[in-house]
Amino acid sequence: MIQGISNRIRGAFQAAAGKRLSSLAFLFVLLVAHPATAADAARGDKSARESSKSVSKNVAASAEEFDRYFREMLEQHGIPGAAYVIVDHDQVVAMNTYGVRVKGKQEAVTSHTVFRLASVSKTFAASMAAVLEHEHKFNWGDKVVRYVPELSFKTPALSMKLQVQHLLSHSSGLTPNAYDNYLEDNRPLSKILPMFATIDPNCDPGKCYGYQNVLFSLIEDVIQKATGVPYSRQLKDRFFVPLQMEDASLGWEAFMAAGNRAAPHVQTGSGWRPVKVEKEYYLAAPAAGVNASISDMAQWLKAQMGYYPEVLSKEVIADLTTERVETRRHMQHRVWRDYIDHAGYGLGWRLYTVGDDRIVFHGGWVAGFRAAVAYSEKRKVGIAILMNAESRVIADLTGQFIGDITGRSKLVQASTTVKK
């Protein structure tokens with residue numbers, strides 16, 4: 001049971017009364033209340049089949065409602081362009097776009113418009129590493145210095161404790177975002193690594209959480225040296241091609257080569273303004289270097305939820321979503337604090353326990369872009385949202401998803417009182 005739904009969210013539902021069910025609330029209350037499963041069909045129960053048909057019709061109708069709400073929110077905040085996809089098990093329930101690729105120009109965002117994924121890229125790097133670890137190319141317990149010998153902390157003995165799994169779970173023990181400022185100055189990792197010799201972790205590796213981009217990206221060296229195949233080639237051959245992610249790519253050059261790409265926008269006193277595409281975090285490719293369209297993200301959601309076992313096996317997914325470190329401070333996030341019972345980090349994924357379910361989530365934010373992807377581990381329903389603007393709207397929409405899809409009683413009860 002939720003103790004104290006936030007005034008902001010409660011107010012949003014009350015404000016929607018007499019109009020229609022707000023965004024994902026309508027869509028996912030239906031999914032939670034009446035989940036149509038393959039098991040129902042397998043039992044050959046006539047009423048279950050009829051119920052399934054009815055639910056499918058309701059989901060389609062609710063997706064239309066969500067689309068209108070999504071557009072209203074973006075228009076209200078003046079967002080230049082965005083796209084979303086909602087996936088139920090292995091089916092796309094809704095996929096739509098909004099706005100333009102560049103403010104002031106006419107080229108519309110389409111389902112194949114490429115956005116920067118920013119830190120959602122970490123889900124790709126961790127998944128690639130997990131596939132290779134399960135193929136015994138390396139082990140999670142391997143010392144990082146085996147693959148990156150130039151890495152050293154102020155106390156050398158501590159750098160010898162750093163394992164590959166600590167890179168992908170942000171459990172190196174270092175202060176969060178160590179040396180990200182140098183990434184923002186477009187310094188390559190090779191120029192940043194020597195600086196780690198001047199600092200020590202706040203705790204032994206594996207014992208505490210501290211979000212990283214530079215250290216996370218050392219997984220590229222691990223993959224290269226363990227397999228002899230560059231990280232970029234691994235992504236293309238193992239993920240992009242078999243999942244038919246036709247627009248996906250890695251790096252600044254690939255993004256700039258895409259004809260159908262969104263421009264980054266930042267907010268100014270006179271509204272959103274398009275800006276130059278910076279290389280900065282592209283220099284940490286595993287942490288923030290993937291580019292993709294919303295069509296690509298539909299495929300990525302399906303794979304992460306287990307519907308492409310030849311690409312991501314259930315064992316690999318289980319490994320990715322096994323908590324490595326607790327992230328207690330995320331319990332206080334302004335959007336999700338009223339939903340989450342426990343917060344942790346696996347490998348490249350945030351793990352939020354909400355009632356009897358877990359939300360597997362990651363967000364991304366880099367100059368001019370926002371991205372988010374989340375799915376219910378139990379209910380197998382997910383969402384991805386991409387925006388070409390640095391707006392908190394994406395967090396609010398994703399937060400609603402987390403609350404609604406898990407069916408936390410007070411939120412659901414509030415939403416079911418709203419007239420369609």
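Calculation notes
Residues numbered from 1 in each chain as written. Predicted model: local features only at pLDDT ≥ 70, side-chain atom pairs only at ≥ 80, totals over all residues. Heavy atoms only, no water. Buried < 20%, exposed > 50% of the residue type's maximum accessible area, 1.4 Å probe, protein only. Helix = DSSP H or I, 4+ residues; strand = E, 2+ residues; numbered from the N terminus. Pairing = 2+ DSSP bridges. Contact = heavy atoms within 4.5 Å. Polar contact = N/O pair within 3.5 Å; in protein donor to acceptor, adjacent residues only side chain to side chain. Disulfide = S-S within 2.5 Å. Axes fitted to C-alpha atoms, helices over the stretch in contact; angles between N-to-C directions. Parallel < 35°, antiparallel > 145°, perpendicular 65-115°, else oblique. Left-handed = near helix turned anticlockwise from the far one by under 90°. Arc of directions from axis to C-beta. Core = buried A, V, L, I, M, F, W, Y, C linked by side-chain atoms within 4.5 Å. Salt bridge = Lys/Arg side-chain N within 4 Å of Asp/Glu carboxyl O. pLDDT = per-residue confidence, 0-100.

Enquirer: I would appreciate a short explanation of the pairing of strand β1 (residues 81–88) in the present structure.
Expert: Among the eight residues in β1, seven count as buried, and that is most of the element. The sheet contact formed by β1 and strand β2 (residues 91–99) spans eight bridges and is antiparallel. When the sheet's bridge partners are listed, V87 is paired in β2 with V92. Hairpin connection, β1 to β2: the antiparallel pair is bridged by two residues, and H89 has positive phi, about 55 degrees. Examined bridge by bridge, β1 and strand β13 (residues 381–387) share seven bridges and lie antiparallel to one another. Bridge pairing links A82 to M387 in β13.

Enquirer: Any chance you could explain the environment of S169 here in plain terms?
Expert: You can see S169 is positioned in the loop between α7 (164–168) and α8 (180–184). Counting along the chain gives 181 residues from S169 to R350, while the straight-line C-alpha distance between them is 9.2 Å. Excluding anything up to four places from it in sequence, S169 contacts Y209, R324, V325, Y345, G346 and L347. Separated by 2.8 Å, the side chain of S169 and the backbone oxygen of Q165 make a polar contact. Within the structure, S169 has its side chain in polar contact with the side chain of S171 (distance 2.7 Å).

Enquirer: Just checking my understanding: could you explain the state of the cysteines for this structure?
Expert: In a disulfide, the sulfur atoms of two cysteines are held together by a covalent bond. Summed over the entire model, instances satisfying the criterion amount to one disulfide. Bridging C203 to C208, the disulfide has an S-S length of 1.9 Å. Disulfide C203-C208: the torsion about the S-S bond is -95 degrees, which places it as left-handed.

Enquirer: Is there a simple way to think about the packing of helix α5 (residues 121–134) against helix α10 (residues 219–227) in this case?
Expert: The relative placement of two packed helices comes down to the angle between their axes together with the axis-to-axis distance. Contact pair α5 / α10: the axes reach a minimum separation of 11 Å and the direction vectors enclose 30 degrees. Between α5 and α10, the interaxial angle falls into the category roughly parallel. Where α5 crosses over α10, the two elements pack in a sense that is left-handed. For the pair α5 and α10, contact is made by A125, M128, A129 and L132 and by I219, I223 and T227, respectively.

Enquirer: Any chance you could explain α10 here in plain terms?
Expert: Working note: α-helix, 3.6 residues per turn, so residues spaced by three or four point in the same direction. Of the residues making up α10, those classed as buried are I219, V222 and I223. Each buried residue of α10 sits inside an arc of 95 degrees when the element is viewed along its axis, so together they form one side. If you follow the buried residues of α10, they end up packed against α5, α7, α11 (231–240) and α13 (285–288). Where α10 ends, the next residue or the one after it, G228, has phi of about 80 degrees, a positive value.

Enquirer: Could you clarify how one ought to interpret the nonpolar core in this entry?
Expert: Most often, soluble globular proteins keep nonpolar side chains buried together rather than apart. Membership of the largest hydrophobic core comes to 87 residues, with the highest contact counts inside it found for F124, L151, F196, F239, M297, W300 and L312. Judged by nonpolar contacts, the second largest core, of 29 residues, contains F70, A372, V393 and L397.

Enquirer: Help me out: how do you make sense of the pattern of salt bridges in this one?
Expert: Any two side chains of opposite charge can pair, so long as their charged atoms come close to each other. Under the definition given, this model contains eleven salt bridges. We note a salt bridge from R146 to D142, for which the minimum N-O separation is 3.5 Å. Here R146 falls in the exposed class, since its relative accessible area comes to 59%. A salt bridge links D356 to K378, with the shortest nitrogen-to-oxygen separation between them at 2.4 Å. On the criterion of sequence distance, the pair formed by D356 in the loop between β10 (350–354) and β11 (357–366) and K378 in the loop between β12 (369–376) and β13 is long-range, its members being 22 residues apart.

Enquirer: Which parts of the structure should I look at to understand unusual backbone geometry?
Expert: Glycine aside, the phi torsion of most residues is negative, and most peptide linkages are trans. Even without being glycine, H89 reaches a positive phi, approximately 55 degrees. Secondary-structure assignment places H89 in the loop between β1 and β2. Looking at H89, the relative accessible area reads 26%, which means it is partly exposed. Its identity as a non-glycine residue notwithstanding, A118 has a phi of 50 degrees, on the positive side. With respect to the element layout, A118 can be found in the loop between β3 (115–116) and α5.

Enquirer: Would you take a moment to explain the confidence of the model for the chain for this structure?
Expert: Parts of the prediction with low pLDDT should not have their coordinates interpreted in detail. Confidence in the prediction of the chain, expressed as mean pLDDT, is 84, and 80% of residues score 70 or more. Note that pLDDT drops below 50 for residues 1–59; the model gives that stretch 93 contacts with residues more than four away or on any other chain. Within the model, the stretch residues 409–420 combines pLDDT values under 50 with 34 contacts to residues more than four positions away or in other chains.

Enquirer: I keep staring at the sheet that holds strand β9 (residues 342–345) and nothing clicks. Help me out?
Expert: Strand pairs in the sheet, formed through backbone hydrogen bonds, run parallel or antiparallel to each other. Sheet architecture is open: eight strands sit in the order β2-β1-β13-β12-β11-β10-β9-β8, paired in antiparallel fashion. The sheet is open, and its two borders are formed by β2 and β8 (325–326), each paired with just one other strand. In this sheet, β13 lies alongside β12 in antiparallel orientation, the contact comprising six bridges. Its bridge partner lying in β13, A372 is registered against I385. Most of the contacts of helix α14 (residues 294–304) go to β1, to which it runs at about 30 degrees, and overall it touches β1, β2, β12 and β13.

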